[in-house]
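Next come the chains, spelled out residue by residue.
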Amino acid sequence: MIARRRVLRSIGWLPAAALAALAFAPPAAAGWLETGSGHAVHVDPAGPAASATPPDRYTLASGQTIVWDESCKTWRDLASGKEFHVDPAGPGGAPHEADHFTYPGGKSVFWTPSPCAPPPPQAARPPTALETGVLDEINQARADPPAYAGRLRPAPYVDVSEAAAFLRGQAPVPRLTYDGRLAATAVAQQADQGPRGGASDRASDGSRPSERMRAAGVETSAYAEAISISYSAPRAIVQQLIVDQPGPQRPLRADLFDPSLVVAGVGCGPNTKYGTMCVIDFASRYAAAPPPPLGDAICGGPFFDAARQPLAQPREPHSRAPDAELRAWRDKVVAFYAAAYDASGARLGPDQAARCVGWRIEKEIRADDSVASGLTALLHEGAGPR
């Protein structure tokens, strides 16, 4: 079971001139690029030993079909239109297995996500009986938590006593309203994870829940995603989310009873490892949202070191990381931009590097509210390492 909150926030700390420069910068090349030249490479999903002419359509061992998008120079999932990270090593095109690859002949390529926007998500199909039942069951729990405590049933290796005690002390919260766009993102995530036996809130293209919901047109202040696995009855699914994994945070339960989350969509279907999985996407009431973060075209790379080898961006900080870990992560970001050269071979100047550090921190603030307060404090401290 996985749930992460993604909250839009805006710091607004950059000067107007810097914002304008970032906003109108041309997009960088992306996809699989040849090291040195930066030229796009049509990677063959079958691997380096395949034919000299890569196909434009390929079916993976899992049954998933991908197609080559010539205009964006990237592979896409045929069903969803999402960008698909093909592994040049093959066979099977396992996603995110490699970000750098050297062919037997010596040619080297590296991966960076495509700047091309994916096709707009299609409207969700009508909800199934299971999906409707899950949303209704959640609303029953939200409407009268103490009464719902009496519906919890012990199961092997599952102690419901702590969850029942929580429900008896929980005040009612507003019912969730079905939202077709959130249903579309939940259905798409289930379709992305189910065939490969996954249960992650990260899609195969690396996107986060809030990014997928915004792409579907849901612009608001708070997002959350919960995933239930192995159960195929609404009550069992909701009980799994309420019991949650042991620990002080109980993020699934917290999202289920968060009064700020008032719209939701559900996507349920088969999972090759867990049998059944259900994805529930939540959002707060639609409201005016800050504009999307600026600077992706410049600060998002690609970047290289002094030897023209690709530099990998530091990964995002762990959810709910303590302040010391956040400060160490910030220092890695500072070091990354201080050593970075752009695709033209020019090194980032001190001012540009400082702006990019701030851009990256703000990007993570917008992506995950569990680290937002700590990272906001680091922004106010300044961009230099402490």
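Residues numbered from 1 in each chain as written. Predicted model: local features only at pLDDT ≥ 70, side-chain atom pairs only at ≥ 80, totals over all residues. Heavy atoms only, no water.

### With respect to the overall build of the chain
- The helix and strand inventory of the chain stands at 12 helices and 14 strands.
- Expressed as a percentage of its 386 residues, the buried residues of the chain come to 46%.
- The long-range fraction of contacts in the chain, counting pairs at least 24 apart against all pairs at least 6 apart in sequence, stands at 69%.
- Summed over its atoms, the accessible surface of the chain is roughly 17,400 Å², and 58% of this surface lies on carbon and sulfur atoms. (Helix = DSSP H or I, 4+ residues; strand = E, 2+ residues; numbered from the N terminus. Buried < 20%, exposed > 50% of the residue type's maximum accessible area, 1.4 Å probe, protein only. Contact = heavy atoms within 4.5 Å. Areas by Shrake-Rupley, 256 points an atom, 1.4 Å probe, with all protein chains shown as cover.)

### Quick look at the pairing of strand 10 (residues 222–229)
- When you tally the buried positions in strand 10, you get 8 out of 8 residues, the bulk of the element.
- Residue alternation in strand 10 divides its side chains into two sets, Ala222, Ala224, Ala226 and Ser228 and Tyr223, Glu225, Ile227 and Ile229, and both sets are buried.

### A look at the state of the cysteines
- Scanning all chains against the criterion turns up 1 disulfide.
- Between the sulfur of Cys268 and that of Cys278 lies a disulfide, 1.9 Å long from S to S. The disulfide joining Cys268 to Cys278 has a torsion of about 115 degrees about its S-S bond and is therefore right-handed. Of this pair, Cys268 sits in strand 11 (residues 261–271) while Cys278 sits in strand 12 (residues 275–284); the two residues are 10 residues apart in sequence, bridging distant segments of the chain. Both residues of the pair, Cys268 and Cys278, count as buried. (Disulfide = S-S within 2.5 Å.)

### Some words on the nonpolar core
- Counting residues in hydrophobic clusters, the biggest one holds 31 residues, and the most contacted among them are Val134, Ile242, Leu256 and Phe282.
- The element that contributes the greatest number of residues to this core is helix 7 (residues 234–243), accounting for 5 residues.
- Grouped together as the second largest cluster of nonpolar side chains are 18 residues, Ala340, Cys356, Ile365 and Leu375 included. (Core = buried A, V, L, I, M, F, W, Y, C linked by side-chain atoms within 4.5 Å.)

### Let's talk about helix 4 (residues 161–168)
- Three or more residues of helix 4 are buried, namely Ala163, Ala164 and Leu167. Looking straight down helix 4, one finds that the buried residues subtend no more than 100 degrees of arc, so they occupy a single side. (Arc of directions from axis to C-beta.)

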